[in-house]
Amino acid sequence: MTNTSSSDPVTSDLDYLYPALGRLVTASAAMESSLRDVVSRLAGSDDAAWIIFEGQSVDWLVSNGLAVLTQREPMERWPTQIVAQFREALNNAQTAYRTRNIMIHGEWRTDCFMGEGCIGRSAPVPADGPVFHVHRSRYRKGLEERQLAIVDIEALAEHMRELEYELRAAMKKADDAWLGSIA
């Protein structure tokens, strides 16, 4: 059983971390679902093609979404600003997901693991609570440690919710533009 008394600062500080990580997990799952749907629709998939997109990584989805846009752009199916909106949303989703992976797949501590190699917080919002240290638990992808606060995790979760909306909004604009061009 976990001791959450105030005399055990490590346990109590980490307990504040768990709800923020839970928000990040749910926000990233929703963004990934939207990404999968949007890339599938960009590719023009039929009812049976969804199987190709299920289970694919975010890197795969973004890479193939960008490839589809590159192929469709010369056909001028959508206005340039819609293509640019898709590209930006896809690239932002990939960047956010990579940061998410450090947070979700990392080991969290209240003390520094690497010492001088730790990357400090870059967020402009002050930490209103403890600053944690997270390091990648998958060393084959490189040893990296970062300082993060709960506000940083919550900001990424909110950003992923916004990206989910941006992806769906771009798809709606693309649908509207396509339908308007064939009407």
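Just above sits the structure.
Conventions we followed
- Residues numbered from 1 in each chain as written.
- Predicted model: local features only at pLDDT ≥ 70, side-chain atom pairs only at ≥ 80, totals over all residues.
- Heavy atoms only, no water.
- Salt bridge = Lys/Arg side-chain N within 4 Å of Asp/Glu carboxyl O.
- Helix = DSSP H or I, 4+ residues; strand = E, 2+ residues; numbered from the N terminus.
- Buried < 20%, exposed > 50% of the residue type's maximum accessible area, 1.4 Å probe, protein only.
- Expected span 1.5 Å × (residues − 1).
- Pairing = 2+ DSSP bridges.
- Axes fitted to C-alpha atoms, helices over the stretch in contact; angles between N-to-C directions.
- Contact = heavy atoms within 4.5 Å.
- Disulfide = S-S within 2.5 Å.
- Core = buried A, V, L, I, M, F, W, Y, C linked by side-chain atoms within 4.5 Å.

Let us now look at the pattern of salt bridges. For the structure on display, the rule yields 9 salt bridges. With a closest N to O distance of 2.4 Å, glutamate 154 and arginine 23 form a salt bridge. Placement of glutamate 154 in helix 5 (residues 150–182) and of arginine 23 in helix 1 (residues 9–42) is noted, with a sequence separation of 131 residues between them. On the accessibility criterion, glutamate 154 (32% relative accessible area) is partly exposed.

Moving on: helix 4 (residues 80–105). For helix 4, which comprises 26 residues, the first-to-last C-alpha distance of 37 Å matches the rise-based estimate of 38 Å (1.5 Å per residue) to within 8%. When we look at burial in helix 4, the residues that qualify are Ile82, Val83, Phe86, Ala89, Leu90, Ala93, Gln94, Ala96, Tyr97, Arg100, Ile102 and Met103.

Adjacent strands of a sheet form backbone hydrogen bonds with each other and so pair up, either parallel or antiparallel. Here we have 3 strands laid out as an open sheet, ordered 1-2-3, and antiparallel in their pairing. Looking at which strands have only one partner, the edges of the open sheet turn out to be strand 1 (106–109) and strand 3 (145–149). The mean angle between the axes of side-by-side strands here comes to 30°, regardless of whether they run parallel or antiparallel. Direction of pairing for strand 2 (residues 131–136) relative to strand 3: antiparallel, over a ladder of 5 bridges. Looking at strand 3, one finds that histidine 133 is bridged to glutamine 147. The sheet contacts of helix 4 involve strand 1, strand 2 and strand 3, and relative to strand 1 the element is tilted by about 60°.

Bringing the state of the cysteines into the picture now. Counting across every chain of the model gives 0 disulfides. A disulfide-free cysteine, cysteine 118 has its sulfur positioned 4.1 Å from the sulfur of cysteine 112, the nearest such atom.

A word on the nonpolar core. Membership of the largest hydrophobic core comes to 43 residues, with the highest contact counts inside it found for Phe86 and Trp108. Every element with two or more residues in this core is listed here: helix 1, helix 3 (58–72), helix 4, strand 2 and helix 5. With 11 residues, the top contributor of residues to this core is helix 1. Those residues in contact with phenylalanine 86, other than ones at most four positions away along the chain, are Val38, Leu42, Leu69, Leu167, Ala170, Met171 and Ala174.

Moving on, we come to the pairing of strand 1. The alternating pattern of strand 1 places Gly106 and Trp108 on a buried face and Glu107 and Arg109 on a face that is not buried. Bridge count between strand 1 and strand 2: 4 bridges; the pairing is antiparallel. By the bridge assignment for strand 2, glutamate 107 is matched with histidine 135.

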